[in-house]
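# Topology and contacts: notes
Residues per chain, in single letters:
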Amino acid sequence: MATSGHIVVDVGTDEDASAGQPPVAPVPYLLSFADLSYSVNTNNGSWLTSWMPSRTPATTRALLGGVSGEAREGELFAVMGASGSGKSTLVDALAGRIARESLHGSVTLNGETLHGRRLRTISAYVMQDDLLYPMLTVRETLMFAAEFRLPRALSPARKRERVDTLIGQLGLTNAADTVIGDEGHRGVSGGERRRVSIGTDIIHDPILLFLDEPTSGLDSASAFMVVQVLRDIARSGSVVVMTIHQPSARILGILGRLLLLSRGRTVYAGTPAGLMPFFSEFGRPIPHNENPAEFALDTIKELEGQAPNGTVPLADFNARWQAEHRILENVTTMPLELAIAESVHRGKLVAGSETSGTSSSSVPTFANPMRVEVWVLIKRSFTNTRRMPELFGMRLGTIMLTGFILATIFLRLDDTPKGVQERLGFFAMGMSTMFYVCADALPVFVQERHIYLRETAHNAYRRISYVISNAVVSFPPLVILSLAFAVTTFFAVGLAGGASSFFFFVLIILASLWAGSGFVTFLSAVVPHVMLGYTVVVAILAYFLLFSGFFINRDRIPAYWIWFHYMSLVKYPYQAVLQNEFGDATRCFARGIEMFDATPIAGMTEAVKLRVLDAIGNTLGTSMTATTCVVTGADVLAQQAVTDLGKWMCLLVTAAFGFFFRALFYVVLLLGSKNKRR
């Protein structure tokens, strides 16, 4: 039929062959899936109803209902369908992103089941959203991906060569040194961003490549260029599986195999050229001037709108049509381990090119040792953040403004009972401020979570490497912030102890910032949204301050709440600065009649106060004058009940909290970031 010639083009002909170079036959791979079924519980009640007996039985919805098919290297396998048809679910199932106990059916590559470490190592998954660091250039983004995914044995020159080659293949040469950009920074175009996302996941030349809506949000020209790139990747010997929504006629012409879904069931499986005879035999011939893909999707939507099971006749017809028209193809494959080893030998799977052999150990779990991963993560994070100095500037400005306000309010405190109370207020406010300032660390992982999930899902680096690099990158700014606050407040307030006391003051502020940032980082891995995280952080820090010992002494806290006192992050730095200030037992904070301040006697004349003081001395059998010291630093510490731990022990406990919460952060990442459907 002449009308289909301009729509369906037989790709892979001489026009695309390298000039004068015979093509090298790729290693044969066949990805097969049979009878894939996946259902979810649609009884989405609240957490409260889960504890109550339900009068309505739990209902399930089948997202996949026995879908089968196969994809091979050298061709684009596209999954199509309307929204909610199960496209993304099918690709997730093939990519191992659905828990094995929830997915029924089989997925094999060259006849062997795919799962676990092997699947993550030889595959890549490109999400629908472009998850990239905004202030890195295109070249830097791909270079960091190369340092993660390519082995250390590969020289830096070879890695740069790989990146430069990939930039050319992706058509990004003109944008190579342009930053990715975000809402506040102008960067590359949408189509270029999409190709960069693909490039980060194919830097190691994976055998299996899965993509979720790679053309979503792109104009026709950009979408066509992206699909051309994917076609070239498939021809290099990769199995490329993607979802796509309403492809243009040009895009349809370079797709190799289609799978159309409707509510989890297959309604067509075959080549784009087969769409016209398929719908013609079904009784819905495709007009000559219409895009077959658009007609097919419109027909499916029409049938779905007629009845809940309106596409069942089309699915049944497809089963019969496939049985009648199926052409048995002689697909010769080799054992998977042998195929992987051959790919490694040819340089296809670059991540494993440093090893040889046919055992599963020939493909390492991670391309690089942990120390290399940590160093690359540190470099990437530092490069991205140093190009946004306004973020650190805001933190520094906030803490210096807070320090300036506190310094001017508590300016040059004297050694009197009122001066003691004012010092207590300064220390409580100052130490709690350190933890509230750390709340700005909350959005960091919340925003990076999806990048982290994408990269660790396919073993770009270890989770522990991310935790360590996160801690290392966050530490230097804390040193600057602690020095800035100490310099702003210590001398202006008139704190005692000289250089040694100032040095300890800096250390306890640094430890507080370290513990606070660790606590907030841990919470960022637990809470799903930034606003919810801020609410939780503010509430918990308020409780910490309440039980710190400032509002109520430790010996006055009820026994049933004393456990929270020892859990309070504010308790230990608050107690440490009190001991740092009042640790000198010879320093006097109340002499003679000053002891009557804040008592009923304070309103009497000085003569009366002196007579009362003399009477007290006679009663105690000692001489008490207007210059007699009656309250020392040791007395203040005893009154505040902060003598259970020394200041250096409080410093160690505060610093230990920082390590403890980062360890919890790692546990949450390890247990709660599987990036799989249940």
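How each quantity is defined
Numbering of residues starts from 1 in each chain and follows the order in which that chain's sequence is written. A pLDDT threshold of at least 70 governs which residues receive local features in this predicted model, and a stricter bar of 80 or more applies before side-chain atom pairs are shown or counted, although totals over entire chains, interfaces and linings include all residues. Excluded from the side-chain calculation are hydrogens and water; included are all heavy atoms of the structure. The working definition used for a salt bridge is a side-chain nitrogen of Lys or Arg within 4 Å of a carboxyl oxygen of Asp or Glu. Between any two strands, pairing holds if DSSP finds at least two bridges. Helix and strand definitions follow DSSP, with helices as H or I runs of at least four residues and strands as E runs of at least two, each counted in order from the N terminus. Here the axes come from fitting lines to C-alpha atoms, over the contacting stretch only for helices, and the angles between their N-to-C directions go from 0 to 180 degrees. Here a residue-residue contact requires only that any non-hydrogen atoms of the pair lie within 4.5 Å. Using a 1 Å grid laid over the protein atoms alone, points where a 1.4 Å probe fits but cannot get out form a cavity; open sets with protein on both sides within 12 Å along at least 5 of 7 lines form a pocket; any residue with an atom within 4 Å of a point counts as lining. Grid points are joined across faces, edges and corners, and a volume is the space filled by probe spheres set on the points. For this classification, Asp, Glu, Lys and Arg are treated as charged, while Ala, Val, Leu, Ile, Met, Phe, Trp, Tyr, Cys and Pro are nonpolar and the rest, including Gly, are polar. The quantity called pLDDT is the predictor's confidence in a given residue, expressed from 0 to 100. Each angle receives one of four descriptions, namely roughly parallel if under 35 degrees, roughly antiparallel if over 145, roughly perpendicular if within 65 to 115, and oblique otherwise. The hand of a helix crossing depends on one turn: near helix anticlockwise from the far one by less than a right angle means left-handed, and clockwise means right-handed. Note on ring pairs: Phe, Tyr and Trp rings are taken, using the six-membered ring of Trp, and paired if centres are within 6.5 Å. Classes follow the plane angle, with under 30 degrees stacked, over 60 edge-to-face and the rest tilted. Burial status follows relative accessibility: with a 1.4 Å probe on protein chains alone, a residue under 20% of its type maximum counts as buried, one over 50% as exposed, and anything between as partly exposed. Whether a charge sits over a ring depends on NZ of Lys or CZ of Arg being within 6 Å of the ring centre and within 35 degrees of the ring normal. Two cysteine sulfurs form a disulfide in these notes if their separation is within 2.5 Å.

### Focus on the pattern of salt bridges
- For the structure on display, the rule yields 21 salt bridges.
- R72 is the salt-bridge partner of E75, the closest N and O atoms lying 3.9 Å from each other.
- Linked by salt bridges that have partners in common, E70, R72, E75 and R257 make up one network.

### Some details on the sheet that holds strand β10 (residues 265-270)
- Ordered in space as β6-β7-β8-β3-β9-β10, the 6 strands form an open sheet in which the pairing is mixed. This sheet does not close on itself; its edge strands, each paired only once, are β6 (123-126) and β10. The mean angle between the axes of side-by-side strands here comes to 15 degrees, regardless of whether they run parallel or antiparallel.
- Here strand β7 (residues 208-211) pairs with strand β8 (residues 239-243) via 4 bridges, running parallel. By the bridge assignment for β8, F210 is matched with V241.
- Packed onto the sheet, helix α5 (residues 190-202) meets β6 and β7 and runs at close to 160 degrees relative to β6.

### Side note on empty space enclosed by the protein
- By the definition in use, this model includes 3 cavities of 30 Å³ or more.
- Space inside the largest cavity adds up to approximately 180 Å³.
- Residue lining of the largest cavity: 17 residues in total, with A145, T200, R380, R454 and E455 positioned closest to the centre.
- Listing elements by their share of the lining of the largest cavity, those giving two or more residues are α3 (138-149), α5 and α15 (442-457).
- In terms of residue count, α3 provides more of the lining of the largest cavity than any other element does, 5 residues in total.
- Looking at the lining of the largest cavity residue by residue, the class counts come to 9 nonpolar, 3 polar and 5 charged.

### A closer look at the confidence of the model for the chain
- Averaged over all residues, the pLDDT of the chain is 83; the fraction at 70 or higher stands at 89%.
- No element of the chain has a lower mean pLDDT than helix α21 (residues 606-620), which averages 76, and none a higher one than helix α16 (residues 463-493), which averages 94.
- Here residues 45-52 is a poorly scored stretch, pLDDT under 50, and it has 0 contacts once near neighbours within four places are set aside; other chains count.
- Low pLDDT, under 50, characterises residues 350-361; the stretch is placed with 31 contacts to residues that sit more than four places away or in other chains.

### Here we look at the packing of α3 against helix α4 (residues 156-169)
- Interaxial distance between α3 and α4 falls to 10 Å at its minimum, and their mutual angle equals 130 degrees. When the interaxial angle is binned, α3 and α4 end up oblique. Considering the relative orientation of α3 and α4, their crossing is right-handed. Of the residues in α4, those touching α3 at R139, L142, M143, A146 and E147 are P156, K159, R160, V163, D164, L166 and I167.
- Partitioning the contact of α3 with α4 into residue classes produces 7 nonpolar, no polar and 5 charged.

### Considerations on the packing of aromatic side chains
- By the definition in use, this model includes 40 aromatic pairs.
- Centre to centre, the rings of F657 and F661 are 6.0 Å apart; their planes meet at 20 degrees, and the pair counts as stacked. Note that F657 and F661 are positioned in helix α23 (residues 647-672) at a spacing of 4 residues, about one turn of the helix. Taken as a pair, F657 and F661 share a single burial class, namely buried.
- Over the ring of Y572 we find K571; its NZ or CZ atom is 5.2 Å from the centre of that ring.
- Over the face of the ring belonging to F504 we find K647, whose NZ or CZ atom lies 4.7 Å from the ring centre.

### Notes on the sheet that holds strand β2 (residues 60-72)
- The 4 strands are arranged β2-β1-β4-β5 in an open sheet whose pairing can be described as antiparallel. Unpaired on one side and paired on the other, β2 and β5 (112-113) mark the two borders of the sheet.
- With 2 bridges joining them, strand β4 (residues 104-109) and β5 adopt antiparallel strand pairing. Across the sheet, T108 pairs through a bridge with T113, a residue of β5.
- Packing of helix α1 (residues 87-94) onto the sheet brings it into contact with β1 (30-41), β2 and β4, and relative to β1 it is tilted by some 120 degrees.

### Details of the state of the cysteines
- According to the stated counting rule, one finds 1 disulfide in the structure shown.
- The disulfide partner of C588 is C629, and the gap between their sulfur atoms is 2.3 Å. Classification of the bridge connecting C588 and C629 rests on its S-S torsion, roughly 110 degrees, and on that basis the disulfide is right-handed. Remark: C629 occurs in strand β12 (residues 629-632) and C588 occurs in strand β11 (residues 588-591); sequence separation between them is 41 residues.
- A residue is classified by how much of its surface remains accessible, and C629, at 31% relative accessible area, is partly exposed.

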